[in-house]
Amino acid sequence: MTPETDVAAKTHGNAVRDALPPIGLGTWPLVGPDATAAVLAGLESGYRLIDTATIYDNEDAVGAALSTCGVDRAELFVTTKLRGSDHVSGDIRGAVERSLDRLGLDHLDLFLIHWPLPRLDRYVAAFEGILECRDAGLVRYAGVSNFLEHHLRRLVAETGEAPAVNQIQMDPTIARVSVRRAADELGVFTQSWSPLGRGETLRSPVVTAIAERLDVTPAQVILAWHLAHGVVPIARSANPARQAENLAAVHVRLEPADVAALDALDRGESAARDVEREEHF
Ligand SMILES: NC(=O)c1ccc[n+]([C@@H]2O[C@H](COP(=O)([O-])OP(=O)(O)OC[C@H]3O[C@@H](n4cnc5c(N)ncnc54)[C@H](OP(=O)(O)O)[C@@H]3O)[C@@H](O)[C@H]2O)c1
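None of the values given here were measured: they were computed from a predicted structure. (Residues numbered from 1 in each chain as written. Predicted model: local features only at pLDDT ≥ 70, side-chain atom pairs only at ≥ 80, totals over all residues.)

**Quick look at helix α8 (residues 177–186)**
- Buried within α8 we find Val179, Arg180, Ala183 and Leu186. Buried positions in α8, seen along its axis, are confined to an arc of 130° and lie on one side of it. Looking at α8, the residues exposed on the side facing more than 90 degrees away from the buried face are Ser178 and Arg181.
- Buried positions along α8 lie against α7 (149–159), β6 (165–169) and β7 (189–193).
- Just downstream of α8, glycine 187 is the residue with a positive phi angle, here 80°. (Buried ≥ 20, exposed ≤ 12 C-beta atoms within 10 Å, placed from the backbone. Helix = DSSP H or I, 4+ residues; strand = E, 2+ residues; numbered from the N terminus. Arc of directions from axis to C-beta. Contact = placed C-beta atoms within 7 Å.)

Okay, here's the thing in structure tokens:
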């Protein structure tokens, strides 16, 4: 299959869009009782999308919150990610089963290849392994993270399937316009990590001026910008008041001029982490 036939590939982006809660709760770098407490507080505030990863070393702590929260499993959307060592070993089913065991679940809602690791050239095989786990009922949606346009196109060309989700670094200063455009074309839904720029972008005068005018917080302005672009942000806070504040961003409506002013903060692709060179195990 050539990239020209991409559009004929099986896509799951629309189905996952309907299944995804609008804002997710991030859990890195929380571990142990702090991670359990943050996830329990988040679930109490109303979060239903919980984002973890094998490499965060907190799947057991997240699982402890999931098993005691009292929320129906069917309401939860739990994401975890394939770590580099499992990606390289090729034992994808073993990796999924170990994550399920630590999380205390019988299926994952979304399983992502955490990093493309292009130097090792194993990501197509890893994606095929996740598709097999999906077909075996262990995973609802097969996805990727930190993939660039050419990685996405290669997956589609070689497997005939588009990943349901690409989770990428994104905030108004790192807007990822080209990779999002390619994802849209291929039917891949975009989620954003570090959506608040790890707190940095909250201090931008453009953000604070809009927040003041709309009588909302800077974090709500930024999260509303992600939502305006049709992206599901995965925001992290260990503070219950900020968790609730972030979730309430779904009610914030930005004017087109506000979205444009935030778009203008973009520093371009070179401001994003270099996934081609960075190793991630
Ligand atoms: N796929 C990947 O490769 C990848 C990479 C990195 C992260 N992630 C995921 O994405 C999640 C989010 O990214 P992130 O944790 O790097 O960064 P982030 O969500 O952009 O920022 C988190 C920081 O912002 C602060 N914060 C949150 N809400 C706030 C508010 N309303 N007002 C003021 N400060 C606020 C938090 O502090 P407090 O806790 O004190 O509120 C924390 O210091 C991670 O937790 C992880 O699940 C994925």
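This is not the end of the story, as more comes after the structure.
**What about the sheet that holds strand β4 (residues 108–113)?**
- Here eight strands make up a closed barrel; going around it, the order is β1-β2-β3-β4-β5-β6-β7-β8 and the pairing parallel. Averaged over all adjacent pairs, the angle separating strand axes in this sheet is 25°, with direction ignored.
- Of the strands in this sheet, β3 (77–82), β4 and β5 (139–145) touch helix α6 (residues 123–135), which is tilted by about 165° from β5. (Pairing = 2+ DSSP bridges. Axes fitted to C-alpha atoms, helices over the stretch in contact; angles between N-to-C directions.)

**Comments concerning the pairing of β3**
- By the criterion of burial, β3 is predominantly enclosed, with six of the six residues buried.
- Inspection of the sheet shows strand β2 (residues 49–51) paired to β3 by three bridges, in the parallel sense. Bridging from a neighbouring strand, leucine 49 pairs with phenylalanine 77 of β3.
- Traced from β2 through helix α3 (residues 59–68) to β3, the parallel crossover comes out right-handed.
- Two elements, β3 and β4, share four bridges in a ladder whose sense is parallel. Looking at β4, one finds that threonine 80 is bridged to phenylalanine 111. (Right-handed = clockwise from strand over helix to strand, strands pointing away.)

**Re the packing of helix α5 (residues 92–103) against α6**
- Close contact between α5 and α6 brings their axes to 8 Å; oriented N to C, the two are set at 55°. Considered as vectors, α5 and α6 are oriented oblique to each other. Crossing geometry of α5 relative to α6 is assigned as right-handed. Judged by residue contacts, Ile92, Arg93 and Val96 of α5 engage Ala126, Gly129, Ile130, Glu132 and Cys133 from α6.
- Considered class by class, the residues forming the contact of α5 with α6 number five nonpolar, one polar and two charged. (Parallel < 35°, antiparallel > 145°, perpendicular 65-115°, else oblique. Left-handed = near helix turned anticlockwise from the far one by under 90°. Nonpolar A, V, L, I, M, F, W, Y, C, P; charged D, E, K, R; others polar.)

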